[in-house]
Amino acid sequence: QIQLEESGGGLVQPGGSLRLSCTASGIIFAIEDMRWYRQTPGNQRELVATITDNNVTNYANSVKGRFTISRDDDKKAVYLQMNSLKPSDTAVYYCNAFIALVPSLRSDYWGQGTQVTVSS
């Protein structure tokens, strides 16, 4: 079975930084696109950042210039460096990955979520 384990969330003051990590485990042939989403109570889950298997990145307008997504395929990991955090960044953050167990068997997987709270 494949699991995505997240870590790095916590409580920070406005203007602070956090680095989220998400590591995949299990027998994996390849990891294609990897993404970070976030969700607040009563709202739909929103896409924050994407990184492709060719290292092409894309960001939501609300985080451009402040967040950086990266990946380490040797470690089967994706990271989200969050700088200049604002209270509006408070949410549960979820990593997402499109993973191939074998070339012909690919599926979407989710991490368990990690809480990020930005407050003074």
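Use the structure listed above.
Counting of residues starts from 1 at the beginning of each chain's written sequence and follows it residue by residue. This being a predicted model, a pLDDT of at least 70 is required before a residue's local features are given, and a value of 80 or more before pairs of side-chain atoms are given or counted; all residues contribute to the totals for chains, interfaces and linings. Hydrogens and waters are ignored; side-chain quantities use all the structure's heavy atoms.

**Student:** For this particular structure, what's the right way to read the overall build of the chain?
**Tutor:** Helix and strand definitions follow DSSP, with helices as H or I runs of at least four residues and strands as E runs of at least two, each counted in order from the N terminus. A count of helical and extended segments in the chain gives zero helices and 11 strands. For the chain, the succession of helices and strands along the chain, N to C, is β-β-β-β-β-β-β-β-β-β-β. Expressed as lengths along the three principal axes of its C-alpha atoms, the size of the chain is roughly 45 × 25 × 25 Å. Burial classes: relative accessible area under 20% of the type maximum marks a residue as buried, over 50% as exposed, and values in between as partly exposed (1.4 Å probe, protein chains only). Counting across all 120 residues of the chain, residues that qualify as buried make up 39%.

**Student:** Explain the pairing of strand S7 (residues 67–72) here, please?
**Tutor:** Every other side chain in a regular strand lies on the same face of the sheet, so the side chains alternate between the two faces. Burial along S7 is one-sided: Phe67, Ile69 and Arg71 are buried, and none of Thr68, Ser70 and Asp72, which face the opposite way, are. Strand direction decides the pairing type here: S7 and strand S8 (residues 77–82), joined by six bridges, are antiparallel. The residue of S8 that forms the bridge with Thr68 is Gln81. Hairpin connection of S7 to S8: four residues between the antiparallel strands, including Lys76 at a positive phi of 55°. Note on pairing: two strands pair once DSSP finds at least 2 bridges between them.

**Student:** Looking at this structure, how should I read the pattern of salt bridges?
**Tutor:** Should the charged atoms of two oppositely charged side chains come close, the side chains can pair. Throughout this description, the term salt bridge denotes a Lys or Arg side-chain nitrogen within 4 Å of a carboxyl oxygen of Asp or Glu. Overall, the coordinates contain six salt bridges when judged by the stated rule. In this structure, the salt-bridge partner of Asp89 is Arg38, at a minimum N-O distance of 3.0 Å. With Asp89 in the loop between S8 and strand S9 (91–102) and Arg38 in strand S4 (residues 30–39), this residue pair connects regions lying 51 residues apart in the sequence. An identical accessibility class is assigned to Asp89 and Arg38; each is buried.

**Student:** Where do I start with the sheet that holds S7 in this structure?
**Tutor:** In a beta sheet, neighbouring strands are held together by backbone hydrogen bonds and run either parallel or antiparallel to one another. The strand order S1-S3-S8-S7 describes an open sheet built from four strands, whose pairing is antiparallel. Each end of this open sheet is capped by a strand with a single partner; those strands are strand S1 (3–7) and S7. Averaged over neighbouring strand pairs, the angle between their axes works out to 15° when direction is ignored. One ladder, built from five bridges, connects S1 with strand S3 (residues 18–25); its direction is antiparallel. When the sheet's bridge partners are listed, Glu5 is paired in S3 with Thr23. What counts as an axis is a line fitted to C-alpha atoms, over the stretch in contact for a helix, and the angles between N-to-C directions run from 0 to 180 degrees.

**Student:** Mind showing me how you'd approach the environment of Val92 here?
**Tutor:** Secondary-structure assignment places Val92 in strand S9. Overall, the relative accessible area of 21% leaves Val92 in the partly exposed class. Distance in space between the C-alpha atoms of Val92 and Leu105 is 29 Å, their sequence separation being 13 residues. Leaving out residues up to four positions away in the same chain, Val92 has contacts with Tyr37, Arg38, Gln39, Gly113, Thr114 and Gln115. Any pair of residues with heavy atoms lying within 4.5 Å of one another is described as a contacting pair.

**Student:** Honestly, the nonpolar core in this entry has me stumped. Any pointers?
**Tutor:** Nonpolar side chains in soluble globular proteins tend to be buried together. Nonpolar cores are built from buried Ala, Val, Leu, Ile, Met, Phe, Trp, Tyr and Cys residues. Side-chain atoms within 4.5 Å join them into one set. Within the largest apolar cluster, 30 residues are counted, with the highest numbers of intra-cluster contacts made by Trp36, Leu80, Met82 and Tyr93. Every element with two or more residues in this core is listed here: S3, S4, strand S5 (46–51), S7, S8, S9 and strand S11 (114–118). Here Leu80 is in contact with Leu18, Arg19, Leu20, Trp36, Val48, Ala49, Phe67, Thr68, Ile69 and Tyr93, once residues within four sequence places are set aside.

**Student:** What is the right way to look at the packing of aromatic side chains in this model?
**Tutor:** By convention here, two paired aromatic rings are described through the distance between centres and the angle between planes. Ring pairs are drawn from Phe, Tyr and Trp, using the six-membered ring of Trp, whenever the two centres fall within 6.5 Å, and their geometry is named by plane angle: stacked under 30 degrees, edge-to-face over 60, tilted for the rest. What the rule picks out here adds up to one aromatic pair. Each ring, one from Tyr37 and one from Trp110, has its centre 4.9 Å from the other, and the planes form 50°; the classification is tilted. Separated by 73 residues along the polypeptide, Tyr37 in strand S4 and Trp110 in strand S10 (residues 105–110) bring together distant segments of the chain. When its relative accessible area of 36% is taken as the criterion, Trp110 is described as partly exposed. When the ring centre of Tyr79 is taken as reference, the NZ or CZ atom of Arg19 above it lies at 4.1 Å. A ring is scored as having a charge over it whenever the NZ atom of a lysine or the CZ atom of an arginine sits within 6 Å of its centre and within 35 degrees of its normal. A cation sits over an aromatic face here: Arg45 above Trp110, 4.8 Å from the ring centre.

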